[in-house]
Amino acid sequence: MADIRIVEVSPRDGLQNEAIAVPTEQKAQLIANLLKAGLKEIEVSSFVSPKWVPQLGDVEDLWPMLPPGGIYSTLVPNEKGLERAQALGVERIALFTAASDAFTQKNINMTVEQSLEVFARIRSNFKGFVRGYVSTIFECPYAGRIEPSRVREVIDRLLEIGVDEISLGDTIGVGVPQEVKQLHTELSGLDQSKIVWHFHDTRGTAIANVAAALDLGYNSFDSSAAGLGGCPYAKGAGGNLATEDLVYFAERSGLSTGVDLNLLAQASLPILTTLQKPPTAKAQLAALASS
Ligand code: HMG
Ligand code: MG
């Protein structure tokens, strides 16, 4: 059992915003590479509208190609998405809302309240594991700063609905450790093992935020190989926290992750070539340079 739990989101969060189409076989290969590197929990795609996010419109083709041995999850925005997921026997889904109505309107065409009503129906019709994302935990690109008390309200509603864990998203990567601490104060009484932090590194603060969350007793993080990603419906949402940076930081701090950093550094190279992007994550570059 590793000290740090990592949920790898690159096949979903990493690819949903890319202009260049990635062949389905290459997505399956990325997932196989990530698995080989030691990442077990992988968010592989989304059952969202292919009109809204064409990049992930191949999820029905991808699902049967997934290598055995992973714990795979997918985003589900509504009941139509649930139907599609259930038709494939998906056992873990992630519902996604936010602390800001302005954001959810742009992202899923619902208010936060409407999304929670849809999610309650989905939860009661789905027996498997359910994650609830809360995006824009510090700031919304459309509505500005978010009060920690508002984030707590949405978390409480998701827990009442019966989600199994909460992922807290700094969607546009503005947060600093002081804000992590402020939000933590607001989370008093919650089971910390149900909280996962989803930091973006848009302004280079993601690892500092991880350090703050670790100091506060949390040990679960979302991250994306090569720092791929961003939300198509959040202006300025840059890359996610790179899994390489997270693994390096944790292991060097004496916390096991179960991930082989050298294999991980290689895992995303074919996809980066397809996307015509050089690797930029610092710990990935360092691992590639020394291997
Ligand atoms: P809508 O247009 O309001 O949907 O979109 P609708 O219910 O009015 O239906 C319109 C048409 O879409 C209908 O088809 C439906 O059947 C179809 P038509 O009758 O016109 O032929 N439809 C669907 N088709 C396939 N799958 C579905 C589905 N639902 C409806 N699930 C909707 C509403 C939620 C579908 C849309 O807004 C959507 O797909 N949004 C998802 C956008 C997205 O994926 N955003 C990125 C997520 S990342 C994120 O949120 C942040 C996160 O990474 C954490 C962080 O960093 O903070 C999680
Ligand atoms: Mg994200």
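Located above this text is the structure these notes cover.
Structural notes, computed from the coordinates. Only a predicted model underlies this, so the values are computations on that prediction, with no experimental measurement involved. (Residues numbered from 1 in each chain as written. Chains lettered and ligands numbered in written order. Predicted model: local features only at pLDDT ≥ 70, side-chain atom pairs only at ≥ 80, totals over all residues. Heavy atoms only, no water.)

**Quick notes on the overall build of the protein**
No. 1: Secondary structure summary: the protein contains 13 helices and 10 strands in total.
No. 2: In terms of overall dimensions, the protein is globule-like: its C-alpha atoms have a radius of gyration of 17 Å, near the 19 Å expected for 291 residues.
No. 3: Within the protein, the proportion of its 291 residues that are buried is 55%.
No. 4: When the 25 positive and 34 negative side-chain charges of the protein are each reduced to one mean point, those points stand 2 Å apart. (Helix = DSSP H or I, 4+ residues; strand = E, 2+ residues; numbered from the N terminus. Rg over C-alpha atoms; globule rule 2.2 N^0.38 Å. Buried < 20%, exposed > 50% of the residue type's maximum accessible area, 1.4 Å probe, protein only. Lys, Arg positive; Asp, Glu negative; His and termini not counted. Charge placed at Lys NZ, Arg CZ, Asp CG, Glu CD.)

**Observations concerning the nonpolar core**
No. 1: Ranked by size, the top nonpolar core spans 90 residues in total, and within it Ile93, Val134, Val151, Leu168, Trp197 and Leu264 carry the most contacts.
No. 2: Once you skip the residues sitting within four places of it in the chain, Leu168 turns out to touch Val134, Ile137, Val151, Ile155, Leu183, Leu187, Ile195, Val196, Trp197 and His198. (Core = buried A, V, L, I, M, F, W, Y, C linked by side-chain atoms within 4.5 Å. Contact = heavy atoms within 4.5 Å.)

**Remarks on unusual backbone geometry**
No. 1: Phi is positive for Thr136, which is not a glycine, with a value near 55°.
No. 2: Inspection of the secondary structure assignment puts Thr136 in the loop between β5 (129-135) and β6 (139-140).
No. 3: Assessed through its relative accessible area of 0%, Thr136 is described here as buried.
No. 4: Of note in the backbone geometry, Gln276 takes a positive phi value of approximately 60° without being a glycine.
No. 5: Mapped onto the elements, Gln276 comes out in the loop between α12 (269-274) and α13 (282-290).

**Comments concerning the coordination of the magnesium ion (ligand 2)**
No. 1: Protein-derived ligands of the magnesium ion (ligand 2) are Asp13 (OD), His198 (NE2) and His200 (NE2), with the metal-ligand distances lying across 2.1 to 2.4 Å.
No. 2: Mapping the donors of the magnesium ion (ligand 2) onto the primary sequence yields the spacing D-x184-H-x1-H. On the criterion of sequence distance, the pair formed by Asp13 in helix α1 (residues 10-14) and His198 in strand β9 (residues 195-199) is long-range, its members being 185 residues apart.
No. 3: Taking relative accessible area as the criterion, Asp13 reaches 2% and is therefore assigned buried. (Donors = N, O, S within 2.8 Å, 3.2 Å for Na, K, Ca; no water.)

**Points about the site of ligand 1**
No. 1: The full set close to ligand 1 counts 28 residues, and Asn78, Asn107, Asn109, Ser135 and Thr171 are the nearest of them.
No. 2: Within the contact set of ligand 1, an oxygen atom lies 2.6 Å away from a side-chain nitrogen or oxygen of Ser135.
No. 3: A distance of 3.1 Å is found between an oxygen atom of ligand 1 and a side-chain nitrogen or oxygen belonging to His200.
No. 4: Compared with its free state, where it exposes 1100 Å², ligand 1 has 73% of that area covered by protein.
No. 5: Mapped onto the shell around ligand 1, the elements with two or more residues apiece are α1, α4 (79-87), α5 (101-108) and β5.
No. 6: Counting residues per element, the shell around ligand 1 draws most heavily on α4, at 3 residues.
No. 7: Here the shell around ligand 1 is built from residues that sort into 12 nonpolar, 11 polar and 5 charged. (Near = heavy atom within 4 Å. Polar contact = N/O pair within 3.5 Å; in protein donor to acceptor, adjacent residues only side chain to side chain. Areas by Shrake-Rupley, 256 points an atom, 1.4 Å probe, with all protein chains shown as cover. Nonpolar A, V, L, I, M, F, W, Y, C, P; charged D, E, K, R; others polar.)

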